[in-house]
Amino acid sequence: MKILKKALAIILTLVIMSTSFVSAYAEVSKATEAVSFSNISQEELLNKQLSEKGDNKITFFEDGVTDFVIVMPDKCTEPLNEAVVTLQSVLEEMTGTKLPIVNENQADDTKKHLCIDTVMNTQRPTDNIDDGYQIVIDDKKISVCGTGENGTRNGIYAFIEDILGCMFLTPDDTYIPQQKNIYLEKMNKIIKPAVQWRDVYAYETVQNKWAAKLRLNGIDIESDDSKLNIEELQYEGWGTWCHNCYTYLSPEDYFEEHPEYFSEKNGKRVTEYKGREAYLCLSNPEVFEIVKDSLAKKIAENPDQLYWDFSGNDNPFLAGCECEKCKAADKAAGGTGMGTLLPFLNKLAKAFPDKYISTLAYLHTLKAPENIKAEPNVVIKLCSMPGDQADSYLDGENPNSKQFKDQVEQWSKITDKIVVWDYVVNFSHLLMPFPNFAVQAKNQKFYEDNNIIGVFHQASREKGGEFACLRSYVLSRLMWEGSNMNVAECVSKYIAAYFGEAAPSVLEYMNLCASELYNSNQALGLYDGLIAHYDGYLSESNVEKYSKLINKAKAVVNGNTLLETRLEEVELSVLYANVLQPKIDENERQTVINRINELCDKRDITMVCEWESLESFNQNGLKNAVSAEKKELMKPYLIAGGIVAGIVVIAVVSVILFRTIKKRKQN
C-alpha cells in the first residue's frame, strides 16, 4: 500500500504541475490601463482662440497684415538662423504675409518687434532653466529668448507649436493652419524642460534636423554632413558613450606585456570570451593610471564635451573580472560588478571635477552596490532591463517592470544623477503593432520622482518602424512638458493633423490595439513574437478587424495621394501582423508578403528587425518565423500532453504494482 500511496502522490503532483504550467504559460502583466484616443475634427484642430480679439490680447496679424518685423542678433549660429527662417516661413504660410528679418543694428523703432534674443534680461540668479526659454508678449514687443542660443532656438520652435498651433509632425511634414487673423495673449513666461538631457534614438529624429524642432538636446543638430549615420549624430554632449573600456586601454597595446590588466576567467587572463570582448581588471592600480591619462588626452582633444563615459564591453557571458581582488570587492558590494566599477569611477570623477564621468548600469553592473556612494559628478546610465511596455515603472505591478522600478529606487539612494536608458520598440519585429503609449506618462512621472537627469529612449535605428514619427514626437514632448502632459490628447491631435479625414479609423484601430492588450493582461516585451499575443491584441480575429479599419480609412481618402501614402505606414504594420499568422493559407500569405515588399520598396525600408534584412526575411526569415510561431503555439499543448502521457504511464504502472502486491498477499 505504501508504494500505491507514493504513486498516487506523484500523479497528483504532476496533475497540479500541468495545470499550473498551462495557466502560467503566457507572461502575465497587470497592464497600465489603456489610454483612449478621441477623434478631433479638422475644425477643432484649429486654434480658434488665435482669431478672437480680447482685452488681454495684442494684434499680431489682422487680415494678413502686421506691423511686426523679426529682429535677430547681429551674430548667431546656423541652427538659430534656421529656426528664425522656419518661423518666418510658417507665418507666411499661415497668413500669406512674409515678415522681414532684420538685425538688431538695422531695427526700426517705429515698427513693432518680434525679438529673437540670447540674453534673458529678467533671469534671476536662482533660476536654472537649462536650455529653456522665456516668452514675453506685450503691446509693442514679442520677445523669445533663452540663456543661450539653444534655449532661444527651443523658444522659437515652442512659439510655432504651442502658441501658433502648428505641429512638427515628421522630418518633412509640418501642420500649419491657415490663419489670417492672429491675436496673442499677453504673457511673461519662463519655461524649462522636465528632463535635462533628452534623446529619442531613432532613424527619423536625425533626418532633416528634426531633432531641433522636437527640442531634443541629445542629438547633434549642427552637422550638415548627410553622410553621417545615426551613431555619429547621437549622444550630443558626450565625449564617449558606452561599451568603451578598450578605447582607454587596448589589448593591442598592452596584453602581450601586461595580461594582468585584463579580466580573469577560469584562472586565465582573457581579452575575449565566447566571441565577445572581455573587460579590464579594475582592481589593478596601474589600470586606473592608464585610463586616467587616456581620458585626460581625450578631454584635451574635445574640451567642450561635458559627459565622459567609461563602461564595460557588451558581453552577457562574462560577469567582469574574476580575479580574487575583483571578486572580493563585488561580493562586498552585494554581489554586483559595481563593487569594482563604481569606486573606479569615483576616482576618475575626483580627477576631473569639472566633467561628468558616467558608466553603464547594465548586465552584471545593473544592480546598485551596497555601502558605496557616487561622487557628485558621477552619472549612472541605467538600462531598463528587464522592461515591460504594458505596465509602467511607476506602477511596477509586473515582475519585469517592478524589477526595474526597484533598481531605479535603489540607485536614486546612491546618486542624484541618473540617465535612464529606456527601450520603447519591439527589436525583433520593428514593423509589428506595438501599443505602448499608455505607459509613457507614468514612466515620465517615475523619472521625475527619482533623480533622473536624462532619458535616452532607444527606438529603432532603422527607417520606417511602426509609428516611428508619432512615437518620437510624443516622447520628445513628454520629456519637455513632463508627466502632466495629456498623452491621449497629444496623440489624438497628431493623428488628426497627419491623417486628416482618415483619422477616425486610425484612432479606432489604435484604441482597439491598446484595449485588447490591456484586456489580455500580458506583458509587452522588447523581443515578443506574434504568438506571445496570439490570444490578445494580435489574435487572428483582431488582426482581421485592424485590416478592415485600415481599408475603411483608405476608402475615405481614396484619390488623396498624400493621405493614401501616409496610411500605408499603418497598413504595413497590420500586414506584417497578418503575414506571421500561423493558420492563414500559404497563398494568402504570399499575397500579403508581396504587398509588404511593395510598400517597403516604396518607402525604402530594408530591415524588419534589428538584425534581419527584408531580403533575408523574404528568403528564409518569414518561413522560419512562422515555423517558430507554430511551435510556440503548440508548445503548451505538447508539454501538457507529455505530462498527461506520463501520468497515464504512472497510473498503469501503479495498477500493475497494486495487483502484484495483492497477489503476493493472497499467496
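Residues numbered from 1 in each chain as written. Predicted model: local features only at pLDDT ≥ 70, side-chain atom pairs only at ≥ 80, totals over all residues. Heavy atoms only, no water.

S.K.: Sorry, what's going on with helix H12 (residues 399–411) here?
M.R.: The periodicity of an α-helix, 3.6 residues per turn, causes residues three or four places apart in sequence to face the same way. Compared with an ideal rise of 1.5 Å per residue, which puts 13 residues at 18 Å, H12 spans 18 Å between its outermost C-alpha atoms and is within 8% of the ideal. Every buried residue of H12 is listed here: Asn 400, Ser 401, Phe 404, Lys 405, Gln 407, Val 408 and Trp 411. For H12, the buried positions fall inside an angular range of 160 degrees around the axis, keeping them on one side. The inward-facing, buried residues of H12 contact helix H11 (338–351), strand E17 (356–361), strand E18 (378–383), strand E19 (418–423), helix H13 (440–449) and strand E20 (452–458). Two or three places before Asn 400, at the start of H12, stands the capping residue Asn 398, its side-chain oxygen 2.7 Å from that residue's backbone nitrogen. (Helix = DSSP H or I, 4+ residues; strand = E, 2+ residues; numbered from the N terminus. Expected span 1.5 Å × (residues − 1). Buried < 20%, exposed > 50% of the residue type's maximum accessible area, 1.4 Å probe, protein only. Arc of directions from axis to C-beta. Contact = heavy atoms within 4.5 Å. Polar contact = N/O pair within 3.5 Å; in protein donor to acceptor, adjacent residues only side chain to side chain.)

S.K.: I would appreciate a short explanation of unusual backbone geometry in the present structure.
M.R.: In most cases, non-glycine residues show a negative phi, while peptide bonds are predominantly trans. With omega at -15 degrees, the peptide bond leading from Met 385 into Pro 386 counts as cis. The topology assignment puts Pro 386 in the loop between E18 and H12. Residue Arg 215 is not a glycine yet carries a positive backbone phi of 65 degrees. Looking at where Arg 215 falls in the secondary structure, it is placed in the loop between helix H5 (210–213) and helix H6 (230–233). You will see that Lys 274, though not glycine, has its phi angle at about 55 degrees, which is positive. When you line up the elements, Lys 274 lands in the loop between strand E14 (272–273) and strand E15 (276–277). With a relative accessible area of 58%, Lys 274 lands in the exposed category.

S.K.: For this particular structure, what's the right way to read the sheet that holds strand E2 (residues 68–72)?
M.R.: Within a sheet, each strand pairs with its neighbour through backbone hydrogen bonds, oriented either parallel or antiparallel. The six strands lie next to each other as E3-E2-E4-E6-E5-E10, forming an open sheet whose pairing is mixed. Across the chains shown, the open sheet's two edge strands, defined by having one partner strand only, are strand E3 (101–103) and strand E10 (187–191). Across the sheet, the mean angle separating the axes of adjacent strands is 15 degrees when strand polarity is ignored. Sheet analysis places E2 next to E3, joined by three bridges and oriented parallel. Note on E3: the bridge partner recorded for Val 71 is Val 102. (Pairing = 2+ DSSP bridges. Axes fitted to C-alpha atoms, helices over the stretch in contact; angles between N-to-C directions.)

S.K.: Can you help me understand the sheet that holds E19 in this one?
M.R.: Across the sheet, which stays open at both edges, the six strands sit in the order E11-E20-E19-E18-E17-E16 with parallel pairing between neighbours. Looking along the sheet, the strands with just one partner apiece sit at the ends: strand E11 (197–201) and strand E16 (307–309). Strand-to-strand, the axes of this sheet are offset by a mean angle of 20 degrees, without reference to chain direction. Examined bridge by bridge, E18 and E19 share four bridges and lie parallel to one another. Its bridge partner lying in E19, Ile 380 is registered against Ile 418. Lying on the sheet, H12 is in contact with E17, E18, E19 and E20; it crosses E18 at an angle near 175 degrees.

S.K.: Would you take a moment to explain the pattern of salt bridges for this structure?
M.R.: Side chains carrying opposite charge are able to pair once their charged atoms draw close together. Considering all chains together, one arrives at 35 salt bridges under this definition. One salt bridge in this structure joins Asp 173 and Arg 566, with 3.1 Å as the shortest N-O distance. Of the two residues, Asp 173 is situated in the loop between strand E7 (167–168) and strand E8 (174–175) and Arg 566 in helix H18 (residues 561–579); the sequence distance between them amounts to 393 residues. Residue classification places Arg 566 among the buried residues on the basis of a relative accessible area of 10%. The salt bridge partner of Glu 409 is Lys 405, with a shortest N-O separation of 3.3 Å. Of this pair, Glu 409 and Lys 405 both sit in helix H12, four residues apart, roughly one helical turn. (Salt bridge = Lys/Arg side-chain N within 4 Å of Asp/Glu carboxyl O.)

S.K.: How do you make sense of the nonpolar core when you look at a structure like this?
M.R.: For soluble globular proteins, the rule of thumb is that nonpolar side chains tend to be buried together. Residues Phe 60, Phe 159 and Phe 310 are the most contacted members of the largest nonpolar core, which totals 198 residues. Among the elements that make up this core, the one with the highest residue count is helix H15 (residues 487–499) (ten residues). With sequence-adjacent residues up to four places away left out, Phe 159 is seen in contact with Phe 60, Leu 87, Ile 135, Ile 137, Ile 142, Val 144, Leu 164 and Leu 184. (Core = buried A, V, L, I, M, F, W, Y, C linked by side-chain atoms within 4.5 Å.)

S.K.: Got a minute to help me understand the packing of helix H9 (residues 285–301) against H11 in this structure?
M.R.: Pairs of packed helices are described in terms of their axes, by the angle between the two and the distance that separates them. Direction vectors running N to C along H9 and H11 enclose 40 degrees, while the axes themselves pass 11 Å from each other. What the angle tells us is that H9 and H11 run oblique. Viewed along their axes, H9 and H11 form a crossing whose handedness is right-handed. Of the residues in H11, those touching H9 at Val 287, Phe 288, Val 291, Lys 292 and Leu 295 are Phe 344, Lys 347, Leu 348 and Ala 351. For the contact of H9 with H11, the per-class residue count stands at seven nonpolar, no polar and two charged. (Parallel < 35°, antiparallel > 145°, perpendicular 65-115°, else oblique. Left-handed = near helix turned anticlockwise from the far one by under 90°. Nonpolar A, V, L, I, M, F, W, Y, C, P; charged D, E, K, R; others polar.)

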